[in-house]
Amino acid sequence: MSQERSFDQLYTHLNDLLAPCLSQDWPNMAVEWAEGVYVYGRGDERHPQGKRYLDFLAGFGACNAGHNHPRIVAAAREQMERMVHAPVGVMATQPLLQLADELRGVVPGDADMFFFGNSGSEAVDGAIKLARYITGRPGLIAFMGSFHGRTMGATTVTASKVAYREGHGPFLPDTYFARFPYPFRCLAGDEKVCVEEALGDIERLFEYVVPPQDVAAMLVEPVQGEGGYVFPPRSWLEALRAICDEHGILLIFDEVQTGFGRTGEWFAADLYDVEPDIVCLAKGIANGFQLGAVAAPGEIMSRWGAASHGTTYGGNPISCAAALATLEVIREEGLLENAREQGKYMLDALHDLQGESSIIGEVRGAGLMIAVEFVEPNTDMVPNTEAVRRILDRCLEDGLLMYPCGHWTQTIRLIPPLTVTRPQVNEGLDIFRRAVLAES
């Protein structure tokens, strides 16, 4: 047996140990521990406890209650002492059933029955299977700019970057794409026309490509995540609901990144007041513990027959216990209210910064799901990818972790934990402001 190597030694071999699709992401910083809104790097003479980074990525929106929240960790540890693994279908645990019961009160629409998996990608795959199974229809309509995950089904309905699809086909058949309204980049420059153009794509699909009676579901992020934190007009989502109702098509909301308080509401569906038929859940559901779910009303979910789907690790009792504690923390610590309050403050400050910088094209957001899109100065909204890279590097050097998004990697997302305080918001905004103005 080879001698155990230190973390430092292992880190130098990161590119040899991990697949390039993992090892060549950015910034791949070596970290030791995390607490609240901070993560800590490797210790050295200057930083004995490790350099501290303000985390405005929150584990890609998974750690909505902050890293290592003591109540959530305690709940997971208690369950770990009792039972680590219980395959659903063979065994039923109290955390699993209690979580399903608790989710009935927060998931949008009339969702009251659940299938638990491990991730957002699994939830999307499950939602696709459910929709096809109960409708007997093969067709799926997804949207340009979408990101739904990395499994084969989720990749099929993803269209934010061609790199996510290249080399992985052929994909699931009978999948079609329409435009997602992107007001900032709509050539018409008018929100109403932007919506009409996007809806026109669906009309043309029905007229030229696929009859609506062959479509099982429309799958949409109510707010696009990886595609650029794009908030569509309410009228577009309302129109999707009406089209689905007219043709017996199921409307699936992918709330993996928008869910559990990220927008200042429990779900983005609440923000828009549009009810889906099926909802995909993950990320913030268990504050970093691996858990995903498909949620739907019993009249839909109860028709997904025995043996038609299954899982080995889904609904893990430790993750379910963490999820229950997460729901309690969100309620009892007022995280929805804090997301709205701190989010408004951040948006106001970022709009002020936009007035100082010629490279900020748009600031948009709701709650603590906020984005700043960068453009080349004195151009017609040409995406400024290189500026984003330099700004992110400057911020990281000064102790602020963020991450880009958007088709051209031209947008920076600001998604701190929902526990973030005003001083911590100001700390992050100060670092971000310096980095942006240095670029300008």
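Note: the structure precedes this text.
Residues numbered from 1 in each chain as written. Predicted model: local features only at pLDDT ≥ 70, side-chain atom pairs only at ≥ 80, totals over all residues. Heavy atoms only, no water.

**Observations concerning the side chain of Thr-155**
Move 1: Mapped onto the secondary structure, Thr-155 falls in helix α8 (residues 152-156).
Move 2: Discounting chain neighbours no more than four positions away, the residues touching Thr-155 are Gly-149, Arg-150, Tyr-164, Arg-165 and Phe-171. (Helix = DSSP H or I, 4+ residues; strand = E, 2+ residues; numbered from the N terminus. Contact = heavy atoms within 4.5 Å.)

**Observations regarding the pairing of strand β8 (residues 250-254)**
Move 1: By the criterion of burial, β8 is predominantly enclosed, with five of the five residues buried.
Move 2: Residues Leu-250, Ile-252 and Asp-254 point to one face of β8 and Leu-251 and Phe-253 to the other, with burial holding for every one of them.
Move 3: Bridge analysis of strand β7 (residues 215-220) against β8 gives four bridges, and the strand direction is parallel. Looking across to β8, one finds that Met-218 is bridged to Leu-251.
Move 4: Each parallel crossover has a hand, and for β7 linked through helix α10 (residues 234-247) to β8 it is right-handed.
Move 5: Pairing analysis gives three bridges linking β8 to strand β9 (residues 278-281), with the strands arranged parallel. Bridge assignment links Ile-252 to a residue of β9, and that residue is Ile-278. (Buried < 20%, exposed > 50% of the residue type's maximum accessible area, 1.4 Å probe, protein only. Pairing = 2+ DSSP bridges. Right-handed = clockwise from strand over helix to strand, strands pointing away.)

**Notes on the pattern of salt bridges**
Move 1: Applying the stated criterion to the full structure yields 24 salt bridges.
Move 2: Put simply, Glu-102 and Arg-331 hold a salt bridge, and the shortest N to O gap is 3.6 Å. With Glu-102 in helix α6 (residues 94-103) and Arg-331 in helix α13 (residues 317-332), the pair connects residues that are 229 residues apart, well separated along the chain.
Move 3: By relative accessible area, Glu-102 is classed as partly exposed at 29%.
Move 4: Among the charged side chains, a salt-bridge network with shared partners connects Arg-71, Glu-328, Glu-332 and Glu-333. (Salt bridge = Lys/Arg side-chain N within 4 Å of Asp/Glu carboxyl O.)

**As for the packing of aromatic side chains**
Two aromatic rings, taken as a pair, are described by how far apart their centres are and by the angle between their planes.
Move 1: Inspection of every chain in the model, using the stated rule, returns 10 aromatic pairs.
Move 2: Look at Phe-114 and Phe-116: their rings are 6.0 Å apart centre to centre, the planes differ by 20°, and that puts the pair in the stacked class.
Move 3: Take Phe-114: its relative accessible area is 14%, and that puts it in the buried class.
Move 4: Here Phe-116 falls in the buried class, since its relative accessible area comes to 7%. (Phe/Tyr/Trp six-rings, centres within 6.5 Å; stacked < 30°, edge-to-face > 60°.)

**Side note on the nonpolar core**
Move 1: Counting 68 residues, the largest nonpolar core has Leu-103, Val-107, Phe-374 and Phe-432 as its most contacted members.
Move 2: Dropping the residues within four chain positions of it, Leu-103 is found in contact with Phe-114, Phe-116, Phe-260, Ile-285 and Leu-327.
Move 3: Membership of the second largest hydrophobic core comes to 47 residues, among which are Ala-34, Val-39, Val-195 and Ile-243. (Core = buried A, V, L, I, M, F, W, Y, C linked by side-chain atoms within 4.5 Å.)

**Some thoughts on the sheet that holds strand β13 (residues 400-401)**
Move 1: One open sheet holds the four strands; their spatial order is β1-β2-β3-β13, and the pairing between them is mixed. Two strands bound the open sheet, and with one partner strand each, they are β1 (31-35) and β13.
Move 2: As paired strands, strand β3 (residues 52-55) and β13 are joined by two bridges and run parallel to one another. Bridged to Asp-55 within β13 is Leu-401.
Move 3: Packed onto the sheet, helix α16 (residues 422-439) meets β2 (38-41), β3 and β13 and runs at close to 100° relative to β3. (Axes fitted to C-alpha atoms, helices over the stretch in contact; angles between N-to-C directions.)

**Some words on a negative patch on the surface**
Move 1: Residues Asp-110, Asp-112, Glu-238, Asp-270, Asp-273, Glu-275 and Glu-299 make up a contiguous surface patch of negative charge.
Move 2: For Glu-238, a relative accessible area of 41% gives the class partly exposed. (Patch = residues over 30% accessible without salt bridge, like charges linked within 9 Å, V, L, I, M, F, W, Y side chains within 5 Å. Areas by Shrake-Rupley, 256 points an atom, 1.4 Å probe, with all protein chains shown as cover. Lys, Arg positive; Asp, Glu negative; His and termini not counted. Charge placed at Lys NZ, Arg CZ, Asp CG, Glu CD.)

**Some points on the packing of helix α9 (residues 191-209) against α10**
Move 1: Following both chains from N to C, one finds α9 and α10 inclined at 20°, their axes separated by 10 Å at the closest point. With respect to α10, the element α9 is oriented roughly parallel. Here α9 runs over α10; the crossing is right-handed. In contact with Val-195, Ala-198, Leu-199, Ile-202 and Phe-206 of α9, α10 contributes Ser-235, Trp-236, Ala-239, Leu-240, Ile-243 and His-247.
Move 2: For the contact of α9 with α10, the residue count by class is nine nonpolar, two polar and no charged. (Parallel < 35°, antiparallel > 145°, perpendicular 65-115°, else oblique. Left-handed = near helix turned anticlockwise from the far one by under 90°. Nonpolar A, V, L, I, M, F, W, Y, C, P; charged D, E, K, R; others polar.)

**A look at the sheet that holds strand β5 (residues 139-143)**
Move 1: Reading across from one edge, β4-β10-β9-β8-β7-β5-β6 is the order of the seven strands in this open sheet, with mixed pairing throughout. Strand pairing shows two members of the sheet lacking a second neighbour, β4 (113-117) and β6 (175-178), which therefore form its edges. Strand-to-strand twist in this sheet, taken as the mean axis angle between neighbours without regard to direction, amounts to 20°.
Move 2: Helix-sheet contacts for helix α7 (residues 120-135) involve β4, β5, β7, β8, β9 and β10 (292-296), and the interaxial angle to β9 is about 160°.

**Considerations on the environment of Phe-267**
Move 1: Note that Phe-267 resides in the loop between β8 and α11 (268-272).
Move 2: With relative accessibility at 0%, the residue Phe-267 sits in the buried group.
Move 3: Between the alpha carbons of Phe-267 and Pro-222 there is a distance of 9.2 Å; along the sequence they are 45 residues apart.

**Some points on the environment of Cys-320**
Move 1: Mapped onto the secondary structure, Cys-320 falls in helix α13.
Move 2: Along the backbone, Cys-320 and Lys-161 are 159 residues apart, and their C-alpha atoms lie at a distance of 33 Å.
Move 3: Ignoring anything within four residues of it in the chain, the contact list for Cys-320 reads Pro-95, Leu-96, Leu-99, Leu-291 and Gly-315.

**With respect to helix α5 (residues 70-82)**
Move 1: For α5, built from 13 residues, the straight-helix expectation of 18 Å at 1.5 Å per residue is met to within 8% by its first-to-last C-alpha distance of 19 Å.
Move 2: Buried residues belonging to α5 abut α6 and α13. (Expected span 1.5 Å × (residues − 1).)

**Brief notes about the side chain of Ser-23**
Move 1: Looking at the element boundaries, Ser-23 is found in helix α3 (residues 20-23).
Move 2: A distance of 3.2 Å separates the side chain of Ser-23 from the side chain of Asn-15, its partner in a polar contact. (Polar contact = N/O pair within 3.5 Å; in protein donor to acceptor, adjacent residues only side chain to side chain.)

**Notes on unusual backbone geometry**
Move 1: Cis geometry is adopted by the peptide bond preceding Pro-27, which originates at Trp-26 and carries an omega value of 0°.
Move 2: With respect to the helices, strands and loops of the structure, Pro-27 is situated in the loop between α3 and β1.
Move 3: In this structure, Pro-170 follows Gly-169 across a cis peptide bond, with omega equal to 5°.
Move 4: With respect to the helices and strands, the residue Pro-170 is situated in the loop between α8 and β6.

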